[in-house]
Amino acid sequence: MPMKIGNANFHERVETNLHNTFMRGAVAGAQERLHTRRLEAAKELGNWEEWRALGEEIRQHTLENLDYYLMQLSENVAKRGGHVFFAQTAEEANNYIRDVVIRKKAKKIVKSKSMVTEEINLNAVLEAAGCEVIETDLGEYILQIDDHDPPSHIVAPALHKNKEQIRDVFREKLGYKQTEKPEELALHARKTLRREYLTADIGITGCNFAIAESGSITLVTNEGNADLVTALPKTQITVMGMERIVPTFEEMEVLVSLLTRSAVGQKLTSYITVLTGPRDEGDVDGPEEFHLVIVDNGRSNILGTEFQPVLQCIRCAACVNVCPVYRHIGGHSYGSIYSGPIGAVLSPLLGGYDDYKELPYASSLCAACTEACPVKIPLHELLLKHRQVIVEREGKAPISEKLAMKAFGLGAASSFFYKFGSKVAPSALAPFTNDDRISKGPGPLKAWTEIREFPAPNKERFRDWFREHQKGGGK
Amino acid sequence: MKVSLFVTCLVDLFHTNVGKATVELLERLGCEIDFPEAQTCCGQPAYNSGYVKEAKEAMKHMIRTFEHADYVVTPSGSCATMFKEYPHIFQGDREWEPKAKALADKTYELTQFIVDVLKIEDVGASLQGRATYHTSCHMTRLLGVKEAPFKLLKHVKGLEIVPLPNAHQCCGFGGTFSVKMGPISEQMVDEKIEHIEEIHADYLIGADCGCLMNIGGRIKRQGKPIKVMHIAEVLNSR
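Residues numbered from 1 in each chain as written. Chains lettered and ligands numbered in written order. Predicted model: local features only at pLDDT ≥ 70, side-chain atom pairs only at ≥ 80, totals over all residues.

- Named according to an unreviewed UniProt entry, chain B is Lactate utilization protein A originating from Caldibacillus debilis.
- The annotation that UniProt attaches to chain B under Sequence similarities (unreviewed entry) is "Belongs to the LutA/YkgE family."
- Its UniProt record gives chain B a comment under Function (unreviewed entry), which states: "Is involved in L-lactate degradation and allows cells to grow with lactate as the sole carbon source." (UniProt positions renumbered as here; feature names shortened; annotations may be inferred.)

- An unreviewed UniProt entry lists chain A under the name Lactate utilization protein B, with Parageobacillus thermoglucosidasius given as the organism.
- The record held by UniProt for chain A lists under Function (unreviewed entry) the comment "Is involved in L-lactate degradation and allows cells to grow with lactate as the sole carbon source. Has probably a role as an electron transporter during oxidation of L-lactate."
- The heading Sequence similarities (unreviewed entry) in the UniProt record of chain A holds the text "Belongs to the LutB/YkgF family."

Quick look at the structure:
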């Protein structure tokens, strides 16, 4: 799955998804559950704001010293017998991984959940090289067998499907004969997947946090699938975004606490696994060969810019789970594997404004995302910065809007123009006015009045009333 | 106490009653009202659309207009938030940053001013009915004014305040969002109205004319009997 999903434009996608009642029911239900659980988990920890401040500080410190920590990480991985590859582009990452696969004569690959491998479209490359690639995260597995349906959420990729739909996919693709009970569905997937782990040649994982001081990688799951992916196959390849790093175990612990609480409202997930290099002498399991692929793919261009805070992201999706826009349009409307507020900020940076210029406007700037973010990324401010870039640097704003804003600048910066404009507004709008309201407005009012009534401007402006009020001596 | 009123462009042009109620209420609470006639708009429509240059012109104008004021009070959480953002926007501008900070420091949203500065919670208002309050996003999350409206509403005689389900969710206004992303905004405002109906409220009260124009405009379009009131109007009801 590449980062970009489909070729329809944003408004077409939104239109389609607004009519998808299954998806909307599933998303709203999940948002309510996750919202409540996250607040409870934060409350239980206590001093949540202090934890957030600490999380922010750790991420900022790491980003400011990213070169140092990446160097330390790669030295420590190498010391433990692992191989490190820095990939500047998606293509470089994919080529390196394909070379390992070919060298190992691998036929079957099992994968645990990884957004960065979706971003670089790794599965397609490996399948083209003749491998069978099997996703082992339950959500990703469901999507994979459903003809590669794209993920609609960075943590719960199949969030847009309800259990009945998943049952139907299993029936059609796996010959499943049981009910839509989640336990039965999960058990079936588990039985099927167990066979795959045992016969896979290579395990590929993502990385929640790499630990620079030890050269370890941390994997956070609820299904334990990452443990099997890394314990059984002889070769392990871990793919990480270049910013997914912490200095020491101490910082990892803080961020994992923030991550699990923010993502799913859990104190800890069922499995938090820290792996360091290949199997050591005396180890009973683990890979014989370990590769760490560190992916840039546009991230270093964000460093040092006004958008740098987006790299603080720990991919918890708390912002997605509170977003009222995501709630109604679902993840697929964003046209990117990164959806919700974080996707609206990140996708134009990694994928360019041509494909994602609408996303910064797909927000009412309600700031629920900023409030929810456990590492204090000012998401709504970054959306605003995108809008500024689109207007000033990209020149992609519509001409009518530019003219309207020029007029605004004139009107709002000069009391003369403002007073004149507000004085003539009622007469100018009189033909459209019915009683106290405008139901079919002209120009910019058209879009408003398609949905709602617009108040007619008052003949007596407040300022006119106040002048009279003062003549009467005020109170 | 002399209070300079920033009435907001929406109130000046479309909601004169909210401005009147604000003046009458503050006068009743012992304030002397100054209304600088040169005032226009806080600049938010341009700023939130990415037109920072145009917005800054409006902002400079507003900074100059309120330079003389001791207190600037506004019946809008969102416009107050915008004033509070000025220093951030003029950061590094040696001439304008300190002036922006001076304005931000003396700016208050109406309910915040009554509760925190005037130290009054019972304004002697009365209104019969069942009401719910819409916590607008900028006022709650960015300005951080969460308690003041409830403290004031609690003392309005005859008024029963019922919590609004999913109160934390945006009503779908978002300035130009409401027209740029009309179909999404429509879903958001409809969900908000469903929640207001769920609790059988007679009144929807809010402290931001933008949100109220959106929710109220949709309620009117649907012909529903819910009455939309600005909190200044409620507090000025006797």
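### Overview of the overall build of chain B
- Across its full length, chain B carries 13 helices and 8 strands.
- Its C-alpha radius of gyration of 17 Å places chain B within 12% of the 18 Å reference for a compact globule of 238 residues.
- Its C-alpha atoms put chain B at 55 × 45 × 25 Å along the principal axes.
- Per-residue burial over chain B gives 58% buried out of 238 residues.
- Sequence separation of 24 or more characterises 76% of the internal contacts of chain B that already satisfy a separation of 6 or more. (Helix = DSSP H or I, 4+ residues; strand = E, 2+ residues; numbered from the N terminus. Rg over C-alpha atoms; globule rule 2.2 N^0.38 Å. Buried ≥ 20, exposed ≤ 12 C-beta atoms within 10 Å, placed from the backbone. Contact = placed C-beta atoms within 7 Å.)

### Considerations on the UniProt feature "binding site: [4Fe-4S] cluster 2" (unreviewed entry) in chain A
- The residues that UniProt annotates with the feature "binding site: [4Fe-4S] cluster 2" (unreviewed entry) are C323, C366 and C369 of chain A. The greatest C-alpha distance among the annotated residues, which extend across 47 residues, is 8.7 Å, indicating that they converge on a single site.
- Here C323 of chain A shows up in the loop between α14 (318–322) and α15 (324–329).
- With 29 C-beta atoms counted inside 10 Å, the residue C323 of chain A sits in the buried group.
- Here C323 of chain A is in contact with G340, P341, A368 and C369 of chain A, once residues within four sequence places are set aside.
- Beyond its immediate chain neighbours, meaning those up to four positions away, C366 of chain A contacts P324 of chain A together with C137, C170 and G174 of chain B.

### A few points about unusual backbone geometry
Residues and elements named next belong to chain A.
- Positive phi values are uncommon outside glycine, yet N47 reaches one of about 45°.
- Its place among the elements puts N47 in the loop between α2 (21–45) and α3 (48–64).
- Overall, the presence of 10 C-beta atoms within 10 Å leaves N47 in the exposed class.
- Even without glycine at this site, K105 takes up a positive phi of about 50°.
- One can find K105 in the loop between α5 (90–103) and β2 (108–111).

### With respect to the environment of V110 of chain A
Residue and element names in this part refer to chain A.
- Structurally, the position occupied by V110 is in strand β2.
- Expressed as a C-alpha distance, the spacing of V110 and D137, which sit 27 residues apart in the sequence, is 9.9 Å.
- Leaving out residues up to four positions away in the same chain, V110 has contacts with I134, T136, E196, Y197, A200, G203, V229 and P233.

### Here's the deal with the interface of chain B and chain A
- At the interface, 55 residues of chain B touch 54 residues of chain A.
- Within the residue set of the side of chain B that touches chain A, elements represented by two or more residues are α1 (9–13), α2 (16–28), α3 (44–47), α4 (52–65), α8 (137–142), α10 (177–180), α11 (182–198) and α12 (209–222) of chain B.
- By residue number, the principal contributor to the side of chain B that touches chain A is α11 of chain B, which donates 7 residues.

### Structural notes on the sheet that holds strand β3 (residues 71–74) of chain B
Residue and element names in this part refer to chain B.
- Pairing within the open sheet is parallel, and its 4 strands lie in the order β2-β1-β3-β4. Where the open sheet ends on each side, the last strands, each with one partner, are β2 (32–34) and β4 (107–109). When the angles between neighbouring strand axes are averaged without regard to direction, this sheet yields 35°.
- As defined by bridge partners, β3 adjoins β4 across 3 bridges and the pair is classed as parallel. Paired with V73 across the two strands is Y108, which belongs to β4. (Pairing = 2+ DSSP bridges. Axes fitted to C-alpha atoms, helices over the stretch in contact; angles between N-to-C directions.)

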